[in-house]
Amino acid sequence: MLILNFKAIGIKNIEFFPRCHLQVKLQNLAPRAAQKSRRETDRRDAQKKRRMEKDEKSSDTANITIKFSGQSIPISLSLESTIRDLKSLLQPLTNVLPRGQKLIFKGRILDDHVTLRSSGVSDRAKIMLVASQGLHQGDGPISRLANANRGKKNEKSVAVGKSHFERWKSTGVFALSGCNLTAIPDELWTCGPYARVLDLSHNSLQDVPASIGLLCYLERLLLNANEILDDFISWEGLTSLKSLTVLSLSQNQLYNVPASIGECTALLEVDLMANLLVELPETFGNLQNLKALYLSNNGLKALPPTLFKMCTQLSTLDLHGTQITMDMLRQFEGWEDFDTRRRLKLKKQLDFRVGGSAKFDEGADKSF
């Protein structure tokens with residue numbers, strides 16, 4: 001007797017007879033087979049599409065290395081990005097303006113308007129960055145950290161004794177600059193009612209704890225030239241300092257300033273130079289007593305739209321080394337009033353000098 005395996009093809013209703021006579025009921029065979037074939041085809045097509053999308057996605061993204069000043073900067077971006085896009089990414093890391101960057105790949109200078117793919121750049125490529133003279137705006141975070149580590153590696157923290165704090169209590173000025181501190185001394189938090197000026201600049205601080213809010217009468221806080229990070233600075237503590245008039249956070253590693261800075265309405269001067277900022281919160285417009293704002297050497301492309309309109313005391317603005325242009329500034333509401341105040345201030349200063357110009361320069365105000 002001949003035995004056929006009809007179950008494998010989905011036929012269950014089979015009657016077997018001797019001498020190979022078979023009766024097969026085929027009432028639903030054709031529709032079932034066609035449906036199964038379609039499902040199998042759809043499944044294979046879906047798998048093929050997913051593989052193609054995965055391959056396409058991986059082929060569109062390149063991990064490249066930028067060689068600059070003895071350092072290696074890893075960058076990941078789409079191969080369809082232009083060389084100009086790459087330069088914009090490099091500015092906050094190197095503090096070199098895009099127009100001052102020359103990117104060299106395989107012995108030739110890359111054109112701003114050409115894509116990475118068209119330039120022959122592929123995954124794991126190495127590109128050299130050369131900064132044009134006069135457009136390298138100071139040390140970027142990479143070289144700055146290298147220099148800081150080189151100078152502080154073998155140094156020890158300067159001991160701050162009880163006598164220091166007693167003397168500082170009497171003057172209200174706590175001078176802890178250049179002490180190679182890695183943390184703010186705990187003894188400082190007991191001096192809340194006495195501290196008027198706190199200078200913690202030029203140390204190795206990464207953390208600004210919420211305890212800073214205990215210095216309730218603090219007027220000037222200098223935290224420039226440290227290694228302060230976004231995740232380790234308590235803006236809640238800082239914004240509770242209602243008497244604070246001067247805040248310096250220049251030369252750190254800050255990517256963001258929170259909207260809560262608008263609560264520090266007593267601020268007269270804010271220094272955020274040489275960080276990694278790409279934007280500022282609109283609440284800067286709440287700082288209506290602000291007179292001086294230093295923003296040079298950041299990756300800023302725009303300012304808060306209400307800055308000139310709301311900050312009616314502002315007369316000093318340092319934008320050297322950013323991507324903000326004069327054409328952009330002229331579009332802001334309140335620009336004319338700001339420019340008038342700035343010119344009056346410069347005129348008073350120039351009365352004691354010979355020569356000079358009142359023409360607006362994004363970096364000029366700082367030099368007076």
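Residues numbered from 1 in each chain as written. Predicted model: local features only at pLDDT ≥ 70, side-chain atom pairs only at ≥ 80, totals over all residues. Heavy atoms only, no water.

### Looking at the side chain of D112
To keep things clear, this is the line we draw: Elements are defined by DSSP. Helices are runs of H or I of four residues or more, strands are runs of E of two residues or more, and each kind is numbered from the N terminus. The term polar contact refers here to a pair of N or O atoms within 3.5 Å; inside protein, the definition further demands a hydrogen-donor-capable atom paired with an acceptor-capable atom, and it admits residues adjacent in sequence only when both atoms are side-chain atoms. Contact criterion: two residues are considered in contact whenever any of their non-hydrogen atoms come within 4.5 Å of each other.
Position of D112 relative to the elements: it lies in the loop between β6 (108-109) and β7 (126-131). A distance of 2.7 Å separates polar atoms of two side chains, one belonging to D112 and the other to K87. For D112, the contacting residues outside a window of four places in its chain are T82, I83, R84 and K87.

### Side note on the sheet that holds strand β13 (residues 292-294)
What counts here: Two strands form a pair only when DSSP identifies at least two bridges running between them. Helix axes use the C-alpha atoms of the stretch in contact, all axes being lines fitted to C-alpha atoms, and the angles between their N-to-C directions lie in the range 0 to 180 degrees.
In spatial order, the strands read β8-β9-β10-β11-β12-β13-β14; together these seven strands make up an open sheet with parallel pairing. The two strands at the open ends of the sheet, each matched to only one other strand, are β8 (173-175) and β14 (316-318). The sheet shows a mean angle of 5° between the axes of neighbouring strands, taken without regard to direction. Both strand β12 (residues 269-271) and β13 contribute to a ladder of three bridges, which runs parallel. In the sheet register, V270 faces β13, and the bridge partner there is L293.

### Overview of the side chain of S81
Put simply, the test is: Only protein chains enter the area calculation, which uses a 1.4 Å probe; residues under 20% of their type maximum are buried, those over 50% are exposed, and those in between are partly exposed.
Relative to the elements of secondary structure, S81 occurs in the loop between β4 (71-78) and α2 (83-94). Residue classification places S81 among the buried residues on the basis of a relative accessible area of 14%. In contact with S81, not counting residues within four places along its chain, are V114, T115 and L116.

### Examining the packing of aromatic side chains
Geometrically, a pair of aromatic rings is defined through the distance of the ring centres and the angle of the planes. What counts here: Ring pairs are drawn from Phe, Tyr and Trp, using the six-membered ring of Trp, whenever the two centres fall within 6.5 Å, and their geometry is named by plane angle: stacked under 30 degrees, edge-to-face over 60, tilted for the rest.
In the structure shown here, the tally under the stated rule is five aromatic pairs. Pairing W335 with F338 gives two aromatic rings, centres 5.5 Å apart and planes at 45°, and the pair type is tilted. Residue W335 and its partner F338 are located together in helix α8 (residues 335-350), separated by three residues, close to a single helical turn. No difference in accessibility class separates W335 from F338, as the two residues are buried. Taken together, the ring pairs connect F308, F332, W335 and F338 into an aromatic cluster.

### As for unusual backbone geometry
Among all residues except glycine, the phi angle is most often negative; among peptide bonds, the trans geometry is most common. Backbone geometry at R124 places phi at a positive 70°, although glycine is not the residue there. With respect to the secondary-structure elements, R124 resides in the loop between β6 and β7. At N180, a residue that is not glycine, the phi angle is positive and equals roughly 55°. For N180, the position within the fold is in the loop between β8 and β9 (197-199). For N180, a relative accessible area of 9% gives the class buried.

### Quick word on the pattern of salt bridges
Put simply, the rule is: We define a salt bridge as a contact between a side-chain nitrogen of Lys or Arg and a carboxyl oxygen of Asp or Glu at a distance within 4 Å.
All chains considered together, the criterion is met by seven salt bridges. R343 is the partner of D339 in a salt bridge, and the nearest nitrogen-oxygen pair spans 3.1 Å. Of this pair, D339 and R343 are both found in helix α8, four residues apart, which corresponds to roughly one turn of the helix. Note on D339: relative accessible area 13%, which makes it buried. Because the salt bridges share partners, they merge into one network encompassing D339, R342 and R343.

### Section: the environment of L200
Relative to the assigned elements, L200 resides in the loop between β9 and β10 (220-222). By relative accessible area, L200 is classed as buried at 0%. Residues L200 and I184, spaced 16 residues apart in sequence, show a C-alpha to C-alpha distance of 8.2 Å. Once residues within four sequence positions are removed from consideration, L200 is found in contact with L176, L181, I184, L205, L222, L223 and N226.

### Side note on the nonpolar core
The tendency in soluble globular proteins is for nonpolar side chains to be buried as a group. In plain terms, the rule: Working definition of a nonpolar core: buried Ala, Val, Leu, Ile, Met, Phe, Trp, Tyr and Cys residues. They are joined through side-chain atoms within 4.5 Å.
Formed by 56 residues in total, the largest nonpolar core has its most connected members in L198 and L303. Sorting the residues of this core by element identifies α4 (162-171), α5 (235-239), α6 (307-310), α7 (326-329) and α8 as the ones contributing at least two each. I64, I83, F105 and L110 belong to the second-largest nonpolar core, a separate cluster that totals 20 residues.

Geometry only, nothing functional implied.
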